[in-house]
Amino acid sequence: MSRALHKDVAIIGGGLVGSSAALAMRRMGFSVVLLDKGFCGAQASGVNYGGVRRQGRPPEQIALSQRAHAIWPRLKDLIGIDGEFLRSGHLKLARTEAEMTSLEAYAARVADLGLDLELIGGNQLRERFPWIAGDVTGASLCAGDGHANPRLVSAAFAHAARHAGVDVLEHTPVSHVEKTLDGFHLSAGSNAEIKAGFVINSAGAWAGPFAEAFGEPVPLHAIYPSMIVTEPMNVFMNVNIGAEGGGIYARQVERGNCIVGGMRGEPLAEPDFSRPTGSGAVTIMNRAAALFPALRHAYAIRFWSGTEGEMADRNPVIGFSRTTPNLIHAFGFSGAGFQIAPGVGEVLAELVRDGESRTPIQAFAIDRFARTTQGSRADNEPELKKREAAQ
Amino acid sequence: MSDAIRPLIVGAGPAGIRAAQTLVNAGVRPVVIDEAPSSGGQIYRQRLVPDERSAKDLYGSEAAKAIALHETFAQIRDRIDYLPGTLVWNLHDKAVDAVTGQRTRRIAFSHLILATGATDRVLPVPGWTLPGVFTLGGSQIALKSQGCAIGDKVVFLGSGPLLYVVAWQYVKAGANVAAVLDTAPFSAKFHLLRGLFAQPSVVLRGFRYAAELMAHGVAVRFGVQPARIDGTTRVEGIVWRERGKEHRLACDAVGYGFSLRSETQLADLAGCRFTFDTRDRAWRPERDGAGRTSVSGVYIAGDGAGIAGADAAELAGERAGLALLDDAGLPADHARIGVLERKLASIQHFRDILESAFPFPEAWATSIADDVTLCRCEEIAVGDARAAARDQGISELNRLKALTRVGMGRCQGRMCASAAVEVLASTCGRSPDAVGRLRAQPPVKPIPLEVAAEGEAA
């Protein structure tokens, strides 16, 4: 027997974007069904590094990032838990003069956008962060940034959405979606038939086929950022660490475990899941031991990797479809979606309610790839390099 | 021809050694990696430092088997590449990552025989994290490898054949064993009478252990429900219920375990298909009678493929070795294969009877108190897991891990997952097989951050 649902909005993908959008729309009074092929928040939203960081984002993302920035301290009210969010600050290290110059240039570029970046020279860095090994030229500190626990936050958004009255259908992959005269028709799982006025495509690394089904192919491919976790150590790392040029990022949770990333894993035979490579894990471990003397005798107890969708220009797609009315895309966060996702959720809800958002999202239009020539992409290369290292 | 294959055997216990011997006899030179400093596995573990104890002292009735196995290993030692004290922490794409001290290297293989053995199945009881509480296997290791007892007055608790073996070994070594507390009812032991026909020597040996324990004044109790292990900074006593009545005994150490649990992480990383074994109440890699897993070129032998004991492990190791030779197009003794398979089938039949004499304490999951630690690495209580399962509608083990941290610590679920499965299943009203199993991730065990990576071994 099939299960028929008729909703204002159907959301494909229960990651942090989909579930925060579901919650925001439900609170506006829309009826919503949230569909996930597995558990909500079990993919990149739940298994990313956990950086809650504005610093380092391209200027066009900062307004959205600032909107999300206001949401993070309110998680407890919003979803019932604080998600282990810590406003620790985000310290981006420069290991060469060239990297320091690049940090300075970035700080100048975003000076008016409210990040309050503080550039720190080598001597001062050693004084204030003596637990970082000597060979660092300088750094840029964004005191308002921090980190949180993705495996808790993402699931809690979905849980809160369900509690607010969203129909959350897990293990219900969408097999077919099409535009009808009065909206959309979706078939999902073994027996769900859904009619909806709006469809949100927030399917992360799996969003490509849905966009393509509506005539909007995108340069989206899967990446597998991978992390290592140490045994609990005395707390020494009081700030979320990133590095200009990439290669390492690290944070320490209250319990004492350090989480360190900077390499990529490989997909498994079952391609929804991935695993760090042995050599990649050893590389991250060695880098961590070299940069943080406190970790020299530590053990790695756990690795993990997640499947994330990355766009060719590392900016997400957010906004209305150019081919299909009432279809909205929000995917391709390219390893940097965790912090902005709750803000994206609010934006999506505004799009459904008002047809527009008060936060500028023009830079994330899906047709930018059709408009962009190879030449202008090449012009963007230096910019891309700077965004290495994801969260 | 034999140069064309490069088999890797993980584990140098009874299964691993017999597998290696089988390959060596066919002119193949396998790599043998073992976590222990010397060969023999858990059951035929060798002393760390030579002492005056004889093989008979160390291995009791199994001394002849131990000597034979150690001799075999000495004979093939020069015809294998042996890496003792080495942990295989990752497996991917026909190669393993193995760490020896601070050095890790990637070792490619053409075929893989997993002989990774088993560890105790641990079910938390109140007080189980007190200093002075050991697993049965841990108690045995202390005795075998270092010649020391876990305490001056020891109580052994739990279920499974190992309970009596370890208690008997302690008594033989001159340790003071105050009691053996068997959670299975005495009536379950009648199953052993059926076992008399299948493997009379094993059953009689078990009876002899029990009789000698009692003759030495050890209290042997059946149908015991553990109430708690007492103590403030370490073990001071143990309290249990028996036919509704509470008993207490002073002791300074407790060795306990509830049968064994296969070490299956490498089979999991290799991508082997798993099946739920209702008898062992655990997931184990699927295998055919020869030890072939669902992954071509990957074989599994011994207790790592389901609990069957050391004798079966020797046979299964040899059988897997022959299967590997056969699959590689090398001559394999088919008459011998027939003999091995018949013997293995007979042990398997007996094992089913044996396990029914040591049934799983089904009531544990519902009776264990909320405040007892479930996951000791991450310090998560039974009640935390129950509350998360109830409040957040969790009915799958990886989800429980993600939302509560159970199984996320140093042991990566090796110690706590069996118990977590029972708690989750009982809370959400499912059977243990229906809540799934933890997804495998390297490292199999913790490894130092400062490991130095070496190039691929030749």
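Now for a look at the structure at hand. (Residues numbered from 1 in each chain as written. Chains lettered and ligands numbered in written order. Predicted model: local features only at pLDDT ≥ 70, side-chain atom pairs only at ≥ 80, totals over all residues. Heavy atoms only, no water.)

1. Concerning the overall build of chain B
Consideration 1: Secondary structure summary: chain B contains 14 helices and 24 strands in total.
Consideration 2: Computed over its C-alpha atoms, the radius of gyration of chain B comes to 22 Å, within 12% of the 23 Å expected for a compact globule of 458 residues.
Consideration 3: With respect to the principal axes defined by its C-alpha atoms, chain B has extents near 70 × 55 × 40 Å.
Consideration 4: A burial count over chain B gives 58% of its 458 residues as buried.
Consideration 5: Carbon and sulfur atoms form 52% of the exposed surface of chain B, whose accessible area is close to 18000 Å².
Consideration 6: Computed over 53 positive and 50 negative side-chain charges, the separation of the two mean positions in chain B equals 2 Å. (Helix = DSSP H or I, 4+ residues; strand = E, 2+ residues; numbered from the N terminus. Rg over C-alpha atoms; globule rule 2.2 N^0.38 Å. Buried < 20%, exposed > 50% of the residue type's maximum accessible area, 1.4 Å probe, protein only. Areas by Shrake-Rupley, 256 points an atom, 1.4 Å probe, with all protein chains shown as cover. Lys, Arg positive; Asp, Glu negative; His and termini not counted. Charge placed at Lys NZ, Arg CZ, Asp CG, Glu CD.)

2. Looking at the pairing of strand S2 (residues 32-35) of chain A
Successive side chains on a regular strand alternate, one facing one side of the sheet and the next facing the other.
Residue and element names in this part refer to chain A.
Consideration 1: Burial along S2 is two-sided: Val-32 and Leu-34 and Val-33 and Leu-35, pointing in opposite directions, are all buried.
Consideration 2: By the bridge criterion, 4 bridges tie strand S1 (residues 3-12) to S2 in an arrangement that is parallel. If you follow Val-9 over to S2, its bridge partner there is Val-32.
Consideration 3: As a crossover connection, the stretch from S1 through helix H1 (residues 16-28) into S2 is right-handed. (Pairing = 2+ DSSP bridges. Right-handed = clockwise from strand over helix to strand, strands pointing away.)

3. Quick look at the packing of aromatic side chains
Between two aromatic rings, the relevant description is the distance of the centres plus the angle of the planes.
Consideration 1: In total, this model carries 18 aromatic pairs over all chains according to the counting rule given.
Consideration 2: Ring centres of Tyr-164 of chain B and Phe-358 of chain B lie 6.1 Å apart, and the angle between their planes is 55°; this geometry places the pair in the tilted category. Taken together, the residues Tyr-164 of chain B in helix H5 (residues 161-172) and Phe-358 of chain B in the loop between helix H10 (334-357) and helix H11 (364-367) connect sequence positions 194 residues apart. The same class applies to Tyr-164 of chain B as to Phe-358 of chain B, namely buried.
Consideration 3: Through pairs of rings, three or more aromatic residues link up here, namely Phe-129, Trp-131, Phe-236 and Phe-292 of chain A.
Consideration 4: For the cation-ring pair, Lys-179 of chain A lies above Phe-184 of chain A, with the distance from its terminal atom to the ring centre recorded as 5.1 Å.
Consideration 5: In this structure, Arg-437 of chain B packs its charged tip against the face of Trp-283 of chain B, placed 5.9 Å from the ring centre. (Phe/Tyr/Trp six-rings, centres within 6.5 Å; stacked < 30°, edge-to-face > 60°. Lys NZ or Arg CZ within 6 Å of the ring centre and 35° of its normal.)

4. As for the nonpolar core
Consideration 1: Grouped together as the largest cluster of nonpolar side chains are 51 residues, with contacts concentrated most on Leu-181, Ile-229, Ile-238, Val-254, Tyr-256 and Leu-374 of chain B.
Consideration 2: Setting aside residues up to four positions removed in sequence, Ile-229 of chain B forms contacts with Val-125, Pro-126, Gly-127, Trp-128, Leu-130, Val-133, Val-235, Gly-237, Ile-238 and Val-254 of chain B.
Consideration 3: Val-17, Ala-22, Ala-156 and Val-166 of chain A belong to the second largest nonpolar core, which has 48 residues in total. (Core = buried A, V, L, I, M, F, W, Y, C linked by side-chain atoms within 4.5 Å. Contact = heavy atoms within 4.5 Å.)

5. Examining the packing of H5 of chain B against helix H7 (residues 200-215) of chain B
Residue and element names in this part refer to chain B.
Consideration 1: For the pair H5 and H7, the least separation of the axes is 9 Å and the interaxial angle reads 45°. When the axis of H5 is compared with that of H7, the two are oblique. Here the hand of the crossing between H5 and H7 comes out left-handed. Between H5 and H7, the contacting residues are Tyr-164, Val-165, Ala-167, Trp-168, Val-171 and Lys-172 on the first element and Arg-208, Tyr-209, Ala-210, Glu-212 and Leu-213 on the second.
Consideration 2: Across the contact of H5 with H7, the residue classes break down as 8 nonpolar, no polar and 3 charged. (Axes fitted to C-alpha atoms, helices over the stretch in contact; angles between N-to-C directions. Parallel < 35°, antiparallel > 145°, perpendicular 65-115°, else oblique. Left-handed = near helix turned anticlockwise from the far one by under 90°. Nonpolar A, V, L, I, M, F, W, Y, C, P; charged D, E, K, R; others polar.)

6. A word on the pairing of strand S4 (residues 90-94) of chain A
Residue and element names in this part refer to chain A.
Consideration 1: Along S4, 5 of the 5 residues are buried, which leaves the element largely enclosed by surrounding structure.
Consideration 2: A two-sided burial pattern is seen for S4, the buried positions comprising His-90, Lys-92 and Ala-94 on one face and Leu-91 and Leu-93 on the other.
Consideration 3: The sheet contact formed by S4 and strand S6 (residues 138-142) spans 5 bridges and is antiparallel. The partner of His-90 across the bridge, within S6, is Cys-142.
Consideration 4: Pairing between S4 and strand S14 (residues 240-243): 4 bridges, direction parallel. Residue pairing for S14: Leu-91 is matched across the bridge by Ile-241.

7. Overview of the sheet that holds strand S10 (residues 154-159) of chain B
Residue and element names in this part refer to chain B.
Consideration 1: Ordered in space as S9-S16-S10-S11-S12, the 5 strands form an open sheet in which the pairing is parallel. Among the strands making up the open sheet, the edge pair consists of strand S9 (133-135) and strand S12 (219-221). Strand after strand, the sheet turns through a mean of 15° between neighbouring axes, direction not considered.
Consideration 2: When strand S11 (residues 177-182) meets S12, the two strands line up parallel, connected through 3 bridges. For Leu-181, the partnering residue across the bridge sits in S12 and is Arg-221.
Consideration 3: Packed on one face of the sheet, helix H4 (residues 136-146) meets S9, S10 and strand S16 (253-258) and runs near 90° to S9.

8. Examining the side chain of Arg-18 of chain B
All names here are of chain B.
Consideration 1: By secondary structure assignment, the location of Arg-18 is in helix H1 (residues 14-25).
Consideration 2: Residue Arg-18 is classed as buried on the basis of its relative accessible area of 12%.
Consideration 3: Of the polar contacts made by the side chain of Arg-18, one reaches the side chain of Thr-72; its length is 3.0 Å.
Consideration 4: What Arg-18 contacts, discounting residues up to four positions off in sequence, is Ala-68, Leu-69, Thr-72, Glu-314, Gly-317 and Glu-318. (Polar contact = N/O pair within 3.5 Å; in protein donor to acceptor, adjacent residues only side chain to side chain.)

9. Some words on the environment of Tyr-249 of chain A
Residue and element names in this part refer to chain A.
Consideration 1: As for its placement among the helices and strands, Tyr-249 is situated in strand S15 (residues 249-252).
Consideration 2: Note on Tyr-249: relative accessible area 5%, which makes it buried.
Consideration 3: When the C-alpha positions of Tyr-249 and Tyr-49 are compared, they lie 8.6 Å apart, and in sequence the two are 200 residues distant.

10. A closer look at the sheet that holds strand S6 (residues 103-108) of chain B
The strands that make up a sheet are held in pairs by hydrogen bonds between backbone atoms, and each pair lies either parallel or antiparallel.
Consideration 1: With mixed pairing, the 4 strands of this open sheet are ordered in space as S4-S5-S6-S24 (chain B). Because the sheet does not close on itself, it has two edges, and the strands there are strand S4 (86-92) and strand S24 (452-454) of chain B. Adjacent strand axes in the sheet meet at a mean angle of 25° when their direction is disregarded.
Consideration 2: Here S4 of chain B runs beside strand S5 (residues 95-100) of chain B; their pairing, made up of 6 bridges, is antiparallel. Across the sheet, Leu-87 of chain B pairs through a bridge with Val-99 of chain B, a residue of S5 of chain B.
Consideration 3: Each of S4, S5, S6 and S24 of chain B is contacted by helix H9 (residues 278-291) of chain A, which is oriented at about 120° to S4 of chain B, the strand it contacts most.

11. Observations regarding the interface of chain B and chain A
Consideration 1: Between chain B and chain A, the contact holds 34 residues from the first and 36 residues from the second.
Consideration 2: In this structure, Glu-231 of chain A and Arg-410 of chain B form a salt bridge, with 3.1 Å as the shortest nitrogen-oxygen distance.
Consideration 3: Across the chain B-chain A interface, the total number found is 14 residue pairs in polar contact (both at pLDDT 80 or more).
Consideration 4: Of all elements in the fold, only S4, helix H8 (265-269), helix H13 (397-404) and strand S23 (447-448) of chain B reach the threshold of two or more residues within the side of chain B that touches chain A.
Consideration 5: With 4 residues, H13 of chain B is the single largest residue contributor to the side of chain B that touches chain A.
Consideration 6: Of the residues contributing to the side of chain B that touches chain A, the split by class is 15 nonpolar, 7 polar and 12 charged. (Salt bridge = Lys/Arg side-chain N within 4 Å of Asp/Glu carboxyl O.)

12. With respect to the pattern of salt bridges
Residue and element names in this part refer to chain B.
Consideration 1: On inspection of all chains with the given rule, the structure shows 54 salt bridges over all chains.
Consideration 2: Arg-47 serves as the salt-bridge partner of Asp-51, at 3.1 Å between the closest nitrogen and oxygen.
Consideration 3: When its relative accessible area of 29% is taken as the criterion, Asp-51 is described as partly exposed.
Consideration 4: Between Asp-182 and Lys-189 there is a salt bridge, with its nearest N and O atoms 2.9 Å apart.
Consideration 5: Residue class for Asp-182 comes out buried when judged on its relative accessible area of 0%.

13. Quick word on a nonpolar patch on the surface
Residues and elements named next belong to chain B.
Consideration 1: Among the surface-exposed residues, Phe-186, Phe-190, Leu-193, Leu-204 and Phe-207 lie close enough to one another that they form a single nonpolar patch of about 490 Å² accessible area.
Consideration 2: Its place among the elements puts Phe-186 in the loop between S11 and helix H6 (191-198).
Consideration 3: The partly exposed category is assigned to Phe-186, whose relative accessible area is 46%. (Patch = residues over 30% accessible without salt bridge, like charges linked within 9 Å, V, L, I, M, F, W, Y side chains within 5 Å.)

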